[in-house]
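Coordinate analysis (summary)
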Number of protein chains: 2
Amino acid sequence: MTERPRASRPRRPAAQTRQAIHDAAHELFSREGFDAVGIRAIAARAGVDAALVVRHFGSKERLFLETMTVDLAAARVMEGPLDGLGRALVEHIVTLPSSRAGEMAVTSLTALFQASDRSEVETALRETIRQAIAEPLVRRLGTEDAEVRAHLVAAQIGGLLTSLHVVHDPVLLAADRGLLTARYGDALQALIDT
Amino acid sequence: MTERPRASRPRRPAAQTRQAIHDAAHELFSREGFDAVGIRAIAARAGVDAALVVRHFGSKERLFLETMTVDLAAARVMEGPLDGLGRALVEHIVTLPSSRAGEMAVTSLTALFQASDRSEVETALRETIRQAIAEPLVRRLGTEDAEVRAHLVAAQIGGLLTSLHVVHDPVLLAADRGLLTARYGDALQALIDT
DNA sequence: GTCTATAGAGCGATAGAC
DNA sequence: GTCTATCGCTCTATAGAC
């Protein structure tokens, strides 16, 4: 249909191709995990050739790391008053999946967890947790053991996230959000208050 | 060297072969994860042929599930007095890797987490958590919301375990055990006391 | 009970024409 | 920038000789 002798296809802008690969990769990696998804499957979903995936992102692992970034958007919550912060954080966590961005953050986090036997992925995961939770909090807690406590807060929040989205604990998934927030939030608060 | 025309090898008892495969599988799966380890590698380490692995265990996934079982040995701790249970549980968790059995439990748990995108593995993981933590505890807590609280306790303990052994949080790994036990244990206790 | 051999498929990555 | 073709390798699982 095109008048040119189709030396190559209708020529999409490179940025658009890159974005299509990016989106396809996020969707497939989120749903099936790193190992179960091949470059060919990503290319097929993006409507491009498999070689382009490598050309644009270098390798499957780099594509994974670039695609599965997590923005927990917890920074805003962290700025709130220290008392009541426990419940506010848990409320934020359980509400995350109701926004599109939050849902993507959660699925990415799950995929990172499951691929964390690759050392680069483990590093990315660790850095994500540090930046999103531990570091903002350690500045709020002036005390001497602030760093350890902040990382324990991160551990506890991670526990809720993995129970919900990795293990899929049916009791917690079915539980009343208010009850969850109150109980787990107060336990978190104990960690914050020392 | 053998006098028989080596139709087949010196004939090891089947149970012994099975055990050798089992041990090799545990070691490799623990260290490298489900996807990174092939049947051939397991067979080589066990000193047997790859076909025997399939013959004895049916499939790689069945071998994985049969091999990576977790005994957290938390039941004994659960029987202790309800007050102080938080710290006792955390103490138990951070001390786990110092025993051989505990270390195997921890490495198995890590491998289960990382392979939990396979639905049978996810089910096994969920069941392990329920049996080891949630169920023993729900019997101790008489209250109405006992089940949710017990599963929140499991989530919080899972958070510590994953932070230490999946994410490898350097702050927590370097932290004083006593401090960890006190802080995280008291937060856990808040969940137990309601 | 153990082995050889192989089916049957998929993989990540590259070379080079266009 | 895009595509075709392919290299070289891995994998799980099975069939059947011994």
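Reading the values: rules and limits
Residues numbered from 1 in each chain as written. Chains lettered and ligands numbered in written order. Predicted model: local features only at pLDDT ≥ 70, side-chain atom pairs only at ≥ 80, totals over all residues. Heavy atoms only, no water. Least-squares fit on C-alpha atoms with pLDDT ≥ 70 in both. Contact = heavy atoms within 4.5 Å. Salt bridge = Lys/Arg side-chain N within 4 Å of Asp/Glu carboxyl O. Polar contact = N/O pair within 3.5 Å; in protein donor to acceptor, adjacent residues only side chain to side chain. Helix = DSSP H or I, 4+ residues; strand = E, 2+ residues; numbered from the N terminus. Nonpolar A, V, L, I, M, F, W, Y, C, P; charged D, E, K, R; others polar. Phe/Tyr/Trp six-rings, centres within 6.5 Å; stacked < 30°, edge-to-face > 60°. Buried < 20%, exposed > 50% of the residue type's maximum accessible area, 1.4 Å probe, protein only. Lys NZ or Arg CZ within 6 Å of the ring centre and 35° of its normal. Domains from an automatic or database assignment. Buried area = accessible area lost by both parts, 1.4 Å probe.

Things to note about the relation of the copies chain B and chain A
The operation relating chain B to chain A is a screw motion whose rotation component is 180°, with 0.0 Å of axial translation and a residual RMSD of 0.1 Å. Such a combination of turn and shift is consistent with a two-fold rotation axis. By C-alpha distance to the rotation axis, the residue of chain B lying nearest is B:Gly159, at 1.7 Å.

Description of the interface of chain B and chain A
Taken together, the contacts link 39 residues of chain B with 39 residues of chain A. Summed over the shared surface of chain B and chain A, the number is two salt bridges. Here B:Arg183 makes a salt bridge to A:Asp145, at a shortest N to O gap of 2.9 Å. The tally of links between chain B and chain A comes to 11 residue pairs in polar contact (both at pLDDT 80 or more). Of all the elements in the fold, those that place two or more residues in the side of chain B that touches chain A are α7 (100-114), α8 (119-140), α9 (146-165), α10 (170-174) and α11 (177-193) of chain B. Of the residues forming the side of chain B that touches chain A, the biggest block, 11 residues, is contributed by α9(B). Looking at the side of chain B that touches chain A, its residues break down into 19 nonpolar, 10 polar and 10 charged.

Examining the packing of aromatic side chains
Taken as a whole, this structure holds seven aromatic pairs over all chains when the rule is applied. Aromatic pair A:Phe113 and B:Phe113: ring centres 6.4 Å apart, planes at 45°, arrangement tilted. Taken together, the residues A:Phe113 in helix α7 (residues 100-114) and B:Phe113 in helix α7 connect one chain to another. We classify B:Phe113 as buried; its relative accessible area is 5%. Ring geometry for B:Phe34 against B:Phe64: centres 5.0 Å apart, planes inclined by 75°, an arrangement best described as edge-to-face. Linking B:Phe34 in the loop between α1 (14-32) and α2 (39-46) with B:Phe64 in helix α4 (residues 60-67), this pair joins segments that are 30 residues apart in sequence. Of the aromatic side chains, those joined through ring pairs into one cluster are A:Phe29, A:Phe34 and A:Phe64. Sitting over the face of the ring of A:Phe57, A:Arg18 holds its NZ or CZ atom 4.4 Å from the ring centroid. Here the basic side chain of A:Lys60 rests over the ring of A:Phe34, its NZ or CZ set 4.4 Å away from the ring centre.

Description of the domain arrangement of chain A
All names here are of chain A. The domains assigned to chain A are domain 1 (14-67) and domain 2 (75-193). Here the C-alpha centre of domain 2 lies 28 Å away from the C-alpha centre of domain 1. Across the contact, eight residues belong to domain 1 and 10 residues belong to domain 2. Of the roughly 790 Å² buried between domain 1 and domain 2, counting both surfaces, carbon and sulfur atoms make up 64%. For the domain 1 face of the interface with domain 2, the top three residues by lost area are His26, Glu61 and Phe64, together amounting to 52%. The tally of links between domain 1 and domain 2 comes to one salt bridge. Notably, a salt bridge pairs Glu61 with Arg118, separated by 2.7 Å at the nearest N-O pair. Remark: the boundary between domain 1 and domain 2 carries two residue pairs in polar contact (both at pLDDT 80 or more). Secondary-structure elements contributing two or more residues to the side of domain 1 that touches domain 2 are α1 (14-32) and α4 (60-67). Grouping the amino acids of the side of domain 1 that touches domain 2 by side-chain chemistry returns four nonpolar, two polar and two charged.

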